[in-house]
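# Remarks on the overall topology
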Amino acid sequence: MINKKKENEEMLTILNLTKAYKNVKAVDDFSLEIEKGHIYGIIGPNGAGKTTFFKLLAGLAKPSSGRILVSTGESLEKYREKMSFMIENPYLYEGMTAFENIKIIGGIKGETNEERMRELLELVGLEKTGKKKVKDFSLGMKQRLGIACALTSNPEILVLDEPMNGVDPEGIVELREMLLALHKERGLTFLVSSHILGELFQLSTDFIFIKDGKIAGITDKKELENSGKNLEEYYMEEIVRHADQ
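This is a predicted model, so every value here is computed, not measured.

Moving on, we come to the side chain of threonine 52. Within the secondary structure layout, threonine 52 lies in helix H1 (residues 50-58). Excluding residues within four positions of it along the chain, threonine 52 makes contact with Lys19, Tyr21, Ala26 and Val27.

Structure below.
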């Protein structure tokens, strides 16, 4: 199944992407297009294949079959330099400050401009943390720092795996507002998974429904709103419809 909406420039085309572990297909025949400037909400239960899909995009897992094509024609390995990933939990140095973390991680990504690093900390609301160690940060603060570190490479696509997991309600709102600001001001394209469907609805422009390693449906916010259903109802309906096919 290919997402046939053509309103924006395509960035990636994913064709029949499959990842099998022995006899189990964690990702089973994924086909979709990632378009510039969209925020894709990836929805599915634990074990549906969301994290494996992200690892395939990041090159952390090798596909059993299928392809990921870059619209510009450049190699996927080269294009990954324009993508940033925060899969599962951000890797941070707990005994260091926010600035020390972004300086180290930014350096790994080739960013040495300390002024820009401070601007990124300000962007995520962590510019005033000073000498406070990351071990004393709330989970929401750690997630925001992880995103700041991911932005040091100035990516075109940002992939976030459950960034709101375990974050308190106030932190969730801060994360959502920050991501929406990045989308508006920088035109970033996002792929975001979350179990918090209400927040994902407010954040996303498009929705990809996954069940048992398969894509069960793809829609956008306008179509969802016109359906008169909430996100959970629409998801369940797509799962049933897909199972009947």
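On to the sheet that holds strand S6 (residues 157-161), then. The six strands are arranged S5-S6-S7-S3-S8-S9 in an open sheet whose pairing can be described as mixed. With one partner strand each, in any of the chains shown, strand S5 (83-86) and strand S9 (214-220) form the two edges of the open sheet. In this sheet, neighbouring strand axes are inclined to one another by 15 degrees on average, regardless of whether the strands run parallel or antiparallel. Here strand S3 (residues 39-43) pairs with strand S7 (residues 189-193) via four bridges, running parallel. Each bridged residue has a counterpart across the sheet, and for isoleucine 42 the counterpart in S7 is serine 193. Across the sheet, helix H5 (residues 139-150) lies against S5 and S6, angled at about 160 degrees from S5, the strand it touches most. On the sheet, helix H6 (residues 169-186) packs against S3, S6 and S7 and is oriented at approximately 155 degrees with respect to S7.

With that settled, the discussion passes to the pairing of strand S8 (residues 206-211). Counted residue by residue, S8 has five buried out of six residues, so it is predominantly covered. Of the strand pairs in this sheet, S3 and S8 are connected by four bridges, and their pairing is parallel. The residue bridging isoleucine 43 from the neighbouring strand is phenylalanine 209, located in S8. Note: S8 against S9, six bridges, orientation antiparallel. Its bridge partner lying in S9, phenylalanine 209 is registered against glycine 217. Hairpin connection from S8 to S9: two residues lie between these consecutive antiparallel strands, with aspartate 212 at a positive phi of about 55 degrees.

Core analysis: the largest hydrophobic core is formed by 45 residues, its most contacted members being Leu145, Ile147 and Phe190. What isoleucine 147 contacts, discounting residues up to four positions off in sequence, is Met86, Leu158, Leu160, Leu175, Met178, Leu179 and Leu182. Tyr40, Val70, Leu191 and Ile210 belong to the second largest nonpolar core, which has 30 residues in total.

This part covers the sheet that holds strand S4 (residues 65-70). Across the sheet, which stays open at both edges, the three strands sit in the order S2-S1-S4 with antiparallel pairing between neighbours. Of all the strands in the sheet, just strand S2 (24-35) and S4 have a single pairing partner and so form its edges. On average, each strand axis in the sheet is inclined to that of its neighbour by 10 degrees, with strand direction left out of account. Sheet topology places strand S1 (residues 10-21) next to S4; five bridges connect them, and they run antiparallel. When the bridges of S4 are listed, leucine 12 appears paired with valine 70. Strands in contact with H1 are S1, S2 and S4; relative to S1, the strand with the most contacts, it is inclined by about 120 degrees.

What counts, and where the lines are drawn
Residues numbered from 1 in each chain as written. Predicted model: local features only at pLDDT ≥ 70, side-chain atom pairs only at ≥ 80, totals over all residues. Heavy atoms only, no water. Helix = DSSP H or I, 4+ residues; strand = E, 2+ residues; numbered from the N terminus. Contact = heavy atoms within 4.5 Å. Pairing = 2+ DSSP bridges. Axes fitted to C-alpha atoms, helices over the stretch in contact; angles between N-to-C directions. Buried < 20%, exposed > 50% of the residue type's maximum accessible area, 1.4 Å probe, protein only. Core = buried A, V, L, I, M, F, W, Y, C linked by side-chain atoms within 4.5 Å.

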